[in-house]
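# Analysis of the macromolecular model
Letter by letter, the chains look like this.
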Amino acid sequence: MSEKKEPGIWDGFKAFLMRGNVVDLAVAVVIGAAFTNIVNAVVKGIINPLVGTIGTKNLDHYSSCLSTSCKGDQGIQILWGSVLGATLSFVITAAVVYFLMVLPMAKYLAGVEARRKAKEGAHEVIEVTELEVLKEIRDALVAQRGSGHDER
């Protein structure tokens with residue numbers, strides 16, 4: 001009488017780690033962290049100086065005061081510059097991901113699909129052509145048989 005031993009917590013954890021999607025997720029996090037540094041450098045080195053031509057390079061300094069006096073940290077301030085900076089970072093990140101990753105991959109996959117369809121289409125044309133040739137051979141044989149019967 002042997003009882004089946006249930007998998008332990010360690011076995012379940014090892015199975016979880018060995019799934020492909022966990023490894024893919026880990027790679028995505030590492031690449032995302034590295035990519036964040038690139039985007040931050042673009043914002044800091046290019047976007048902020050361009051915005052700085054109409055004001056200050058640090059977008060965090062842009063704010064609006066809702067109370068009667070806003071001196072220092074006192075008063076009710078809306079820090080819309082921080083929101084603008086985060087929005088620019090997001091748009092730049094989305095643009096870089098789209099134009100440098102998504103669009104080229106979509107074009108590549110479309111080309112692969114077009115080549116596959118062209119190959120399938122050529123195969124179908126060959127099959128249709130072979131079928132037509134076989135029909136012609138059949139018709140020729142039927143015609144020969146028919147003409148051979150008429151001569152007797």
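Residues numbered from 1 in each chain as written. Predicted model: local features only at pLDDT ≥ 70, side-chain atom pairs only at ≥ 80, totals over all residues. Heavy atoms only, no water.

- Per an unreviewed UniProt entry, the chain is named Large-conductance mechanosensitive channel, and its organism is Streptomyces sp. R28.
- Word for word, the UniProt comment on the chain under Subcellular location (unreviewed entry) is "Cell membrane".
- Quoted verbatim from the Sequence similarities (unreviewed entry) heading of the UniProt record, the comment on the chain is "Belongs to the MscL family." (UniProt positions renumbered as here; feature names shortened; annotations may be inferred.)

## What to know about the overall build of the chain
- A count of helical and extended segments in the chain gives three helices and two strands.
- In the chain, the succession of α and β elements from N to C terminus is α-α-β-β-α.
- Split into buried and exposed, the 152 residues of the chain put 9% on the buried side.
- In the chain, the proportion of contacts linking residues at least 24 apart, taken out of those at least 6 apart, comes to 29%.
- Roughly 12900 Å² of accessible area belongs to the chain as shown, and the carbon and sulfur atoms make up 66% of that amount. (Helix = DSSP H or I, 4+ residues; strand = E, 2+ residues; numbered from the N terminus. Buried < 20%, exposed > 50% of the residue type's maximum accessible area, 1.4 Å probe, protein only. Contact = heavy atoms within 4.5 Å. Areas by Shrake-Rupley, 256 points an atom, 1.4 Å probe, with all protein chains shown as cover.)

## A look at the packing of aromatic side chains
- Scanning all chains against the criterion turns up two aromatic pairs.
- With a centroid separation of 6.0 Å and an interplanar angle of 40°, the aromatic rings of Trp 10 and Phe 13 are classed as tilted. Linking Trp 10 with Phe 13, this pair stays in helix α1 (residues 9-18), spanning three residues, or about one helical turn.
- On the accessibility criterion, Phe 13 (40% relative accessible area) is partly exposed.
- Taken together, a centroid distance of 5.1 Å and an interplanar angle of 80° make the contact between Tyr 98 and Phe 99 edge-to-face.
- Residue classification places Tyr 98 among the partly exposed positions, given a relative accessible area of 39%.
- By relative accessible area, which is 51% here, Phe 99 ends up exposed. (Phe/Tyr/Trp six-rings, centres within 6.5 Å; stacked < 30°, edge-to-face > 60°.)

## Some points on a nonpolar patch on the surface
- A grouping of Trp 10, Phe 13, Phe 16, Leu 17 and Met 18 is seen on the molecular surface, where their side chains present a nonpolar patch of about 590 Å² in accessible area.
- Within the element layout of this structure, Leu 17 appears in helix α1. (Patch = residues over 30% accessible without salt bridge, like charges linked within 9 Å, V, L, I, M, F, W, Y side chains within 5 Å. Salt bridge = Lys/Arg side-chain N within 4 Å of Asp/Glu carboxyl O.)

## Details of the UniProt feature "transmembrane region" (unreviewed entry) in the chain
- In this structure's numbering, the residues bearing the UniProt feature "transmembrane region" (unreviewed entry) are residues 21-43 and 78-100.
- Counting secondary structure, residues 21-43 comes out at 100% helix and 0% strand; the distance between its end C-alpha atoms is 32 Å.
- With 91% helix and 4% strand, residues 78-100 has its two end C-alpha atoms placed 35 Å apart.

## Description of the pattern of salt bridges
- A full pass over the atoms with the stated rule returns two salt bridges.
- Across the pair Arg 116 and Glu 113 runs a salt bridge whose closest N-O atoms are separated by 2.2 Å. One end of the pair, Arg 116, and the other, Glu 113, are both in helix α3 (residues 80-151), three residues apart, so they sit about a helical turn from each other.
- Classification of Glu 113 as partly exposed rests on a relative accessible area of 32%.
- A salt bridge links Asp 139 to Arg 138, with the shortest nitrogen-to-oxygen separation between them at 3.1 Å.
- A relative accessible area of 42% means that Asp 139 is categorised as partly exposed.

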